[in-house]
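As a plain string of letters, each chain reads:
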Amino acid sequence: MAKIMAVVTQKGGVGKTTTAVNIASVMGEMGKKVLLVDVDPQGNATSGVGIDKRKVKISAYDLLCGSENAAQAAVQTAFAGLSVVPSSMALAGVEIEMVEIPHRESRLKAALAPYREQYDFIIIDCPPALGLVTLNALVAADTVLLPVQPEFYALEGLSQLIATVRQVKRMYNPTLELEGVLFTMYDGRTNLTQQVVAEVKKFFPRKVYANVIPRSVRLAEAPGYGRPINYYDKSSKGAKAYRALVEEILERQ
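Just so you know, these numbers come straight off a predicted model, no measurement behind them.

**Re the pattern of salt bridges**
Evaluation of the coordinates by the stated rule reveals 12 salt bridges. Salt-bridge contacts for E177 lead to K169; the nearest nitrogen and oxygen are separated by 3.0 Å. Residue classification places E177 among the partly exposed residues on the basis of a relative accessible area of 42%. Between R218 and D233 there is a salt bridge, with the nearest N and O atoms lying 2.9 Å from each other. Here R218, found in helix α9 (residues 217-221), pairs with D233, found in the loop between α10 (229-232) and α11 (237-252); they are 15 residues apart in sequence, far enough to count as distant. Take D233: its relative accessible area is 16%, and that puts it in the buried class. Taken together, the shared-partner salt bridges connect K16, D40 and D125 into one network.

Written as structure tokens, this is what we have:
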């Protein structure tokens with residue numbers, strides 16, 4: 001049965017989608033069967049694995065709104081072991097549509113249930129906001145992975161996010177756990193980075209990944225070509241960092 005991991009942040013531009021796409025892709029390359037679920041209306045994870053958002057017929061919107069087509073939402077990508085439930089423009093207004101739906105916080109959990117038997121991991125790329133869609137992802141997930149850029153405001157955002165995760169755990173998903181905290185866009189040469197890392201490790205002594213994701217031009221380029229970093233440039237420092245991270249994640253399982 002698949003482990004469901006939600007990649008969550010309430011702030012854009014910290015490498016959330018890059019992390020979701022590349023963890024999923026590297027896991028697939030390592031022989032795991034992986035489903036990437038893109039519930040971010042921006043659809044960057046969808047285009048990041050080479051799927052044209054404009055041609056998507058069945059999407060994560062169908063999962064959240066309980067469409068009869070939801071079981072056919074997963075699409076095989078060109079990359080080993082990796083399928084995706086793509087995003088679509090319809091997701092932009094889905095939170096308003098869901099307001100009247102009973103048990104609206106559990107729609108994604110119910111929709112993903114049939115997929116759990118088919119995959120080893122299900123990775124959910126969430127919107128960069130703590131709304132109803134992200135709530136659905138947290139209710140559906142077994143664990144939460146938090147990408148953090150080591151800067152001053154990250155500490156404030158991280159504390160708010162952890163409070164939300166605890167609230168969801170208390171109210172809706174008692175088995176929800178923290179998968180880990182991942183430092184992205186990492187530059188170890190600055191004092192600020194060292195201070196933020198030390199502070200986060202103080203609060204999460206066993207949950208901060210030893211591997212970090214450095215700033216990388218190749219990581220920034222890869223989505224423009226619709227390819228995860230391990231296929232775009234497998235010898236780059238970004239590809240090596242994500243490969244090491246996935247090895248660490250799998251060792252912890």
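**What to know about the packing of aromatic side chains**
Scanning the entire structure with this criterion turns up 2 aromatic pairs. Geometrically, the ring pair formed by F79 and Y231 is tilted, given 4.8 Å between the ring centres and 40° between the ring planes. In this pair, F79 is assigned in the loop between β3 (75-76) and β4 (82-85) and Y231 in helix α10, connecting sequence segments 152 residues apart. Taking the relative accessible area as the measure of exposure, F79 reaches 5% and is therefore buried. Classification of Y231 by relative accessible area gives partly exposed; the value is 24%. Summarising the aromatic geometry, the rings of Y225 and Y232 are spaced 5.1 Å apart at their centres and angled 25° between planes, so their arrangement reads as stacked. By relative accessible area, which is 57% here, Y225 ends up exposed. Positioned over the ring face of Y119 is K33, at 5.5 Å from the centre of the ring.

**Looking at the nonpolar core**
Core analysis: the largest hydrophobic core is formed by 51 residues, its most contacted members being L108, L112, I122 and I124. If you tally residues by element for this core, the top one is helix α6 (residues 132-140), at 7 residues. Once you skip the residues sitting within four places of it in the chain, I124 turns out to touch I4, M5, A6, V7, V37, V39, L108, L112, A137 and A140. Counting 33 residues, the second-largest nonpolar core is a separate cluster that includes V21, V34, A45 and I51.

**Examining helix α7 (residues 152-171)**
Here α7 spans 30 Å end to end across 20 residues, near enough to the 28 Å set by a 1.5 Å rise per residue. Buried within α7 are the following residues: A154, G157, L158, L161, I162, V165 and V168. Mapping the buried residues of α7 onto a view down its axis gives an arc of 140°, with all of them on the same face. Exposed residues lying more than 90 degrees from the buried face of α7 are F152, R166 and R170. Its buried side turned inward, α7 meets α6, β6 (143-148), β7 (177-183) and α8 (191-203).

**Focus on the sheet that holds β6**
Taken together, the 7 strands give an open sheet; going across it, the order is β3-β4-β2-β5-β1-β6-β7, and neighbouring strands pair in mixed fashion. Here the strands that pair on one side only, and so sit at the sheet edges, are β3 and β7. Across 4 bridges, strand β2 (residues 34-38) lies against β4 in parallel orientation. Bridging across to β4, L35 finds its partner in S83. Of the strands in this sheet, β1 (3-7), β5 (121-125), β6 and β7 are in contact with α11, which crosses β7 at around 160°.

Quick notes on the rules
- Residues numbered from 1 in each chain as written.
- Predicted model: local features only at pLDDT ≥ 70, side-chain atom pairs only at ≥ 80, totals over all residues.
- Heavy atoms only, no water.
- Salt bridge = Lys/Arg side-chain N within 4 Å of Asp/Glu carboxyl O.
- Buried < 20%, exposed > 50% of the residue type's maximum accessible area, 1.4 Å probe, protein only.
- Helix = DSSP H or I, 4+ residues; strand = E, 2+ residues; numbered from the N terminus.
- Phe/Tyr/Trp six-rings, centres within 6.5 Å; stacked < 30°, edge-to-face > 60°.
- Lys NZ or Arg CZ within 6 Å of the ring centre and 35° of its normal.
- Core = buried A, V, L, I, M, F, W, Y, C linked by side-chain atoms within 4.5 Å.
- Contact = heavy atoms within 4.5 Å.
- Expected span 1.5 Å × (residues − 1).
- Arc of directions from axis to C-beta.
- Pairing = 2+ DSSP bridges.
- Axes fitted to C-alpha atoms, helices over the stretch in contact; angles between N-to-C directions.

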